[in-house]
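Each chain, letter by letter, is given below.
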Amino acid sequence: MIYRFGRFELNAARYELTRDRQPISVEPRVFEVLAYLIAHRDRVVAKDELLDELWKSLEVSESALTRTIKKARALLGDPTWIKAVYGRGYKFEGAVEELGEADPEPSQLESVHLEPNSRSLPATMTGRWNPRSIVLLAIALVAALWLMIWWQDRAGEHPATSNRVRSIAVLPLLDLSEGDREDYFALGLTEALITRLANIGELRVISRTSVMNYRASPRSLPQIARELNVEAVLEGSVMRVGQQVRVNVQLIRAATDEHLWAQEYERDLGDILLLQTEIAHAVANAVELRLTAGESSRLSLAQQVNIEAYKRYLLGRFHMNRRTVADLEEAIVHLTEAIRLDPEYAPAHATLADTYILLSTYYALAPAKAFPKARESAESALALDPFLSEAHASLAMVSLALRWDFVSAEAGYRRAIELAPGNASAHQWYGELLSVLGRHDEAVAEGQRAWELDPLSPIINAALGQRLNAAGRWQEALEQFAATIELDPGLPWIHREMALAYSHLGQKQQCLGERVVEMKMRGIESQRIAELEEIAASEDMTGFWQWELDRLHRSAQATYVPEMLYAEGLNGIGDRERALIALAEGIEQRGEHILLLTTSPELEELTRDPAARPYLVDSGLAHMADPSRRAPG
């Protein structure tokens, strides 16, 4: 339905709000509240009804609704239009005119209907058809068809010039600010542009990890484009002067070095989010993308942001992306401060959720401590912006890792990908869930899609190897891990994954060799390494697991160690009884460490013990005990 009130028109189907026929930016939740109140303007709408209908299952306080109503009134410029009825709720008081139902996705070709007495029809066609008319019409149709075929052939020989581009890489913006350079700001703006463009389904956008490899790179643009398999490259610079920011950007077709578009922008720092929107729209127009109504609306969503909060947010992302435990803890400090300064900036809440998830992934925080905080942050983000792909992916991970709620997790990942098809992490995490569910072909396909979006990311490359490992495609997994090591030789856990593949293949020597490399990279003292090398030389797998259990007990004195790792080691030494107890405790602990069940030979064997079945069934993991859950390859 389209509603007109005052100078405004609200198109509910297309998610558009205009003032004096000009589109205006509006936050998603503000739009939804406004649309709901207008649609139910004949009555007072209770606060609980608004919270239930628009926030649905999210646990938010009434203050979130109060803030949204305040924003809606400010947007309309007339606070009397939305009346608060004390103790009951809200009622829309403005005069509203209904203009009819709206087509959410209007066709590019409008059908034309001519009435029988239309003056545009020849007189011979207004009455009964005669044979001569039919013959003439048939001849005309054949001639038109022949002309159309001839023209298409000619067009194929001489194609019209087009700027159409379907794949793009946004290279790190150069920081030209004088004095102390704040690289995090330029890198943050680069990442923001990537994220906005990734919302467009018709465009493949390379993720940040891969493009950061070309920061200050001497490679030519055509060479970069070939390596990333993209048609065009967006490059530019950013300069901050006081409270102003100047951004120069240009879009180049890599194959011909042709400039498709270039623009200089100068804005107040508080309008940085609006600037990101402007640039993203300009790029979409320059490469002739056909945006859906939903994509256009989401791309246009922007707001002013407290600049100090935004700087803290960028620092938080900067540290989160480094992925060391110290950096993740530093990220929490900056993101918490960003939220204090601007509690309504949704991306800060979403990034905080991801940071807590990563702290658990890297064994720095137990799932019972990390994931409730991640859930709270993700839900806060979605309460502010229900179209934020990253927050949907984070909440899906919480559903998987905290509750084993596979249905909600899958729905969350699908929604995240629907909102931003270029969200590589959402594809990666969805692949992990599919591995847990035993849907291995789909899991590998999601891993490959993530790789296409972020081909130079060691994490994404390794995740694809894990999906292949879980699918029983161990030789392919080893090849993928080898490619990952070429990208980043400094990740010890890659060698653990390789050891698992070799173990599945029955190659003990290679398995233990990778374990030695892993432990050296973890900084284990030389005396202990010498013991491990002796075990590896004798291909003593039981000896290795005894050594590993001792290492885990030592590590537990300083950091969190998942019970799943103890279960793996105990089964490795043949202590099935204690291994089953550790498995039960590991399942109770929750966390992402459920993924160990998909790749570890020892845990796979343990889950097939009839005594393990009750634990698995109670947790919705009964399929893990199925011997046919994957076909070796």
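Okay, so let's go over this structure.

Conventions we followed
Here the residue numbering is sequential within each chain, running from 1 through the sequence in written order. Side-chain atom pairs in this predicted model are given and counted only at pLDDT of 80 or more, local residue features only at pLDDT of at least 70, and totals for whole chains, interfaces and linings cover all residues. Neither water nor hydrogens contribute to the side-chain values; these are computed over all heavy atoms in the structure. Helix numbers and strand numbers start at the N terminus; a helix is a DSSP run of H or I with at least 4 residues, a strand a run of E with at least 2. Between buried and exposed lies partly exposed: a residue is buried under 20% and exposed over 50% of the maximum accessible area for its type, with that area taken using a 1.4 Å probe on protein chains only. What makes two residues a contact is simply this: any of their non-hydrogen atoms within 4.5 Å. Contacts described as polar in this section are N or O atom pairs within 3.5 Å, which, within protein, must combine one atom able to donate a hydrogen with one able to accept it, while residues neighboring in sequence count only if both atoms come from side chains. Only one rule defines a salt bridge in this text: a Lys or Arg side-chain nitrogen within 4 Å of an Asp or Glu carboxyl oxygen. Only C-alpha atoms enter the line fits that serve as axes; for helices the fit covers just the stretch in contact. Angles between N-to-C directions range over 0 to 180 degrees. These descriptions rest on fixed angle ranges, namely under 35 degrees for roughly parallel, over 145 for roughly antiparallel, 65 to 115 for roughly perpendicular, and the rest for oblique. Here a crossing is taken to be left-handed if its near helix is turned anticlockwise relative to the far helix by less than a right angle, and right-handed if that turn runs clockwise. Nonpolar residues are Ala, Val, Leu, Ile, Met, Phe, Trp, Tyr, Cys and Pro. Charged residues are Asp, Glu, Lys and Arg, and all others, Gly as well, are polar. The criterion for strand pairing is that DSSP finds at least two bridges linking the strands in question.

1. Points about the overall build of the chain
And then number 1: In terms of helices and strands, the chain carries 28 helices and 14 strands.
And then number 2: In the chain, buried positions account for 52% of the 633 residues.
And then number 3: Of the contacts made within the chain by residues no fewer than 6 positions apart, 62% connect residues no fewer than 24 positions apart.

2. Observations concerning the side chain of Ser-389
And then number 1: Here Ser-389 is to be found in helix α14 (residues 389–403).
And then number 2: Among the residues examined, Ser-389 registers a relative accessible area of 2% and is labelled buried.
And then number 3: Polar side-chain contacts of Ser-389 include one of 2.9 Å to the side chain of Asn-423.
And then number 4: Not counting residues up to four positions away in its chain, the partners in contact with Ser-389 are Ala-416, Leu-419, Ala-420 and Asn-423.

3. Considering the pattern of salt bridges
And then number 1: One pass over the structure, following the stated rule, counts 38 salt bridges.
And then number 2: Linking Arg-208 and Glu-191 is a salt bridge whose minimum nitrogen-to-oxygen distance equals 3.7 Å. Here Glu-191 lies in helix α5 (residues 183–197) and Arg-208 lies in helix α6 (residues 208–211), a separation of 17 residues in the sequence.
And then number 3: In this structure, Glu-308 engages Lys-311 in a salt bridge whose closest nitrogen and oxygen atoms are separated by 3.8 Å. Of the two residues, Glu-308 and Lys-311 both sit in helix α10 (residues 307–320), three residues apart, roughly one turn of that helix.
And then number 4: Judged by its relative accessible area of 40%, Glu-308 is partly exposed.
And then number 5: Judged by its relative accessible area of 16%, Lys-311 is buried.
And then number 6: Three or more residues joined by partner-sharing salt bridges are found here, namely Glu-525, Arg-528, Glu-531, Asp-550 and Arg-554.

4. Quick word on unusual backbone geometry
And then number 1: One non-glycine residue with positive phi stands out, namely Asn-229, at about 60°.
And then number 2: Mapped onto the secondary structure, Asn-229 falls in the loop between α7 (221–228) and β12 (232–241).
And then number 3: The backbone of Arg-590 shows a phi angle near 65°, a positive value even though the residue is not glycine.
And then number 4: By the secondary structure assignment, Arg-590 is in the loop between α25 (576–589) and α26 (596–599).
And then number 5: Overall, the relative accessible area of 22% leaves Arg-590 in the partly exposed class.

5. Observations concerning the packing of helix α16 (residues 424–436) against helix α18 (residues 458–470)
And then number 1: One way to put it is that α16 packs onto α18 with a least axis distance of 10 Å and a crossing angle of 20°. Judged by the inter-axis angle, α16 sits roughly parallel to α18. Here α16 runs over α18; the crossing is left-handed. Residues Ala-424, Gln-428, Gly-431, Glu-432 and Ser-435 of α16 form the contact with α18, whose own contacting residues are Ile-459, Ile-460, Ala-463, Arg-467 and Ala-470.
And then number 2: Here the contact of α16 with α18 is composed, by residue class, of five nonpolar, three polar and two charged.

6. Structural notes on the sheet that holds strand β6 (residues 82–85)
Picture the strands of a sheet paired through backbone hydrogen bonds; they go either parallel or antiparallel.
And then number 1: With antiparallel pairing, three strands are arranged side by side in an open sheet as β5-β7-β6. Two strands bound the open sheet, and with one partner strand each, they are β5 (45–46) and β6.
And then number 2: Of the pairings in the sheet, the one linking β6 to strand β7 (residues 89–92) comprises four bridges and is antiparallel in character. Bridged to Lys-83 within β7 is Lys-91.

7. Quick notes on the environment of Ala-420
And then number 1: Within the fold, Ala-420 resides in the loop between α15 (406–419) and α16.
And then number 2: C-alpha of Ala-420 to C-alpha of Ala-198: the two residues are 222 residues apart in sequence and 5.5 Å apart in space.
And then number 3: For Ala-420, the residues in contact, after removing those within four places along its chain, are Ala-198, Asn-199 and Ser-389.

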